[in-house]
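Observations on the model geometry
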Amino acid sequence: MSKKINQILIRPLLTEKITALQDKGVNVYGFVVSKDANKIDIANAVEKKFNVKVLNVRTVIRKGKTKTQFTRSGRFTGRTATLKKAYVTLEKGQKIDFFENI
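The model shown is predicted, which means the values in this text are computed figures rather than measured ones. (Residues numbered from 1 in each chain as written. Predicted model: local features only at pLDDT ≥ 70, side-chain atom pairs only at ≥ 80, totals over all residues. Heavy atoms only, no water.)

Our focus in this paragraph is the overall build of the protein. Counting its regular elements, the protein contains 3 helices and 6 strands. Reading the secondary structure of the protein in the N-to-C direction produces α-β-α-β-α-β-β-β-β. For 102 residues, the compact-globule estimate of 2.2 N^0.38 gives 13 Å, and the protein exceeds it by more than 25% at 17 Å. Once the C-alpha set of the protein is aligned to its principal axes, its extents read approximately 55 × 35 × 25 Å. (Helix = DSSP H or I, 4+ residues; strand = E, 2+ residues; numbered from the N terminus. Rg over C-alpha atoms; globule rule 2.2 N^0.38 Å.)

Encoded structure:
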């Protein structure tokens, strides 16, 4: 693994989709990850950081959107960032508590 864990796992992803899957009993957690991280790097980083066993990793790349803002001084066009998300499935009975260190 060439990158550090903090360079691979950028932040946890808490969305309605992940919450709904967890309510159904699926042991899935989401992370925003580095764009050049592969599934093996992501699985190793999650296992080391949270001391859990990863069964499956699915990745999605969400393209950035173009946004336009109209102001008094004119129109400004910008772009949101492109994100790579990873959905990590853990072994049954294991969990990750994101709020334990707060």
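A word on the packing of aromatic side chains. Enumeration over the complete set of coordinates arrives at 1 aromatic pair. A cation over a ring is seen here: Lys17 above Tyr87, with NZ or CZ 4.9 Å from the ring centre. (Phe/Tyr/Trp six-rings, centres within 6.5 Å; stacked < 30°, edge-to-face > 60°. Lys NZ or Arg CZ within 6 Å of the ring centre and 35° of its normal.)

The element strand 5 (residues 74–79) is barely covered by neighbouring structure, given that only 0 of its 6 residues are classed as buried. Relative to strand 5, strand 4 (residues 66–71) runs antiparallel, the two sharing 6 bridges. Bridge pairing links Thr66 to Arg79 in strand 5. In sequence, strand 4 turns back onto strand 5 through a hairpin of 2 residues. (Buried < 20%, exposed > 50% of the residue type's maximum accessible area, 1.4 Å probe, protein only. Pairing = 2+ DSSP bridges.)

Attention now goes to the pattern of salt bridges. Oppositely charged side chains are able to pair whenever their charged atoms sit close together. Following the criterion strictly, the structure yields 1 salt bridge and no others. For the salt bridge of Glu47 with Lys53, the shortest nitrogen-to-oxygen distance reads 4.0 Å. (Salt bridge = Lys/Arg side-chain N within 4 Å of Asp/Glu carboxyl O.)

The next subject is the nonpolar core. One finds Phe31, Ile42, Val46 and Val88 to be the most contacted residues of the largest nonpolar core, which totals 17 residues. Counting residues per element, the ones that place at least two in this core are strand 2 (28–33), helix 3 (39–50), strand 3 (54–62) and strand 6 (83–90). In terms of residue count, helix 3 provides more of this core than any other element does, 4 residues in total. Among all residues touching Val46, those that are not within four sequence positions of it are Leu9, Phe31, Asn51, Val52, Val54, Val88 and Ile96. Membership of the second largest hydrophobic core comes to 6 residues, among which are Leu13, Val28, Val32 and Tyr87. (Core = buried A, V, L, I, M, F, W, Y, C linked by side-chain atoms within 4.5 Å. Contact = heavy atoms within 4.5 Å.)

Before going further, it helps to spend a moment on helix 3. A turn of α-helix holds 3.6 residues, and therefore any two residues three or four places apart point the same way. Under the 1.5 Å per step criterion, the end-to-end length of helix 3 is 16 Å for 12 residues, consistent within 8% with the ideal 16 Å. For helix 3, the secondary structure elements touched by its buried residues are helix 1 (5–8), strand 1 (9–13), strand 2, strand 3 and strand 6. (Expected span 1.5 Å × (residues − 1).)

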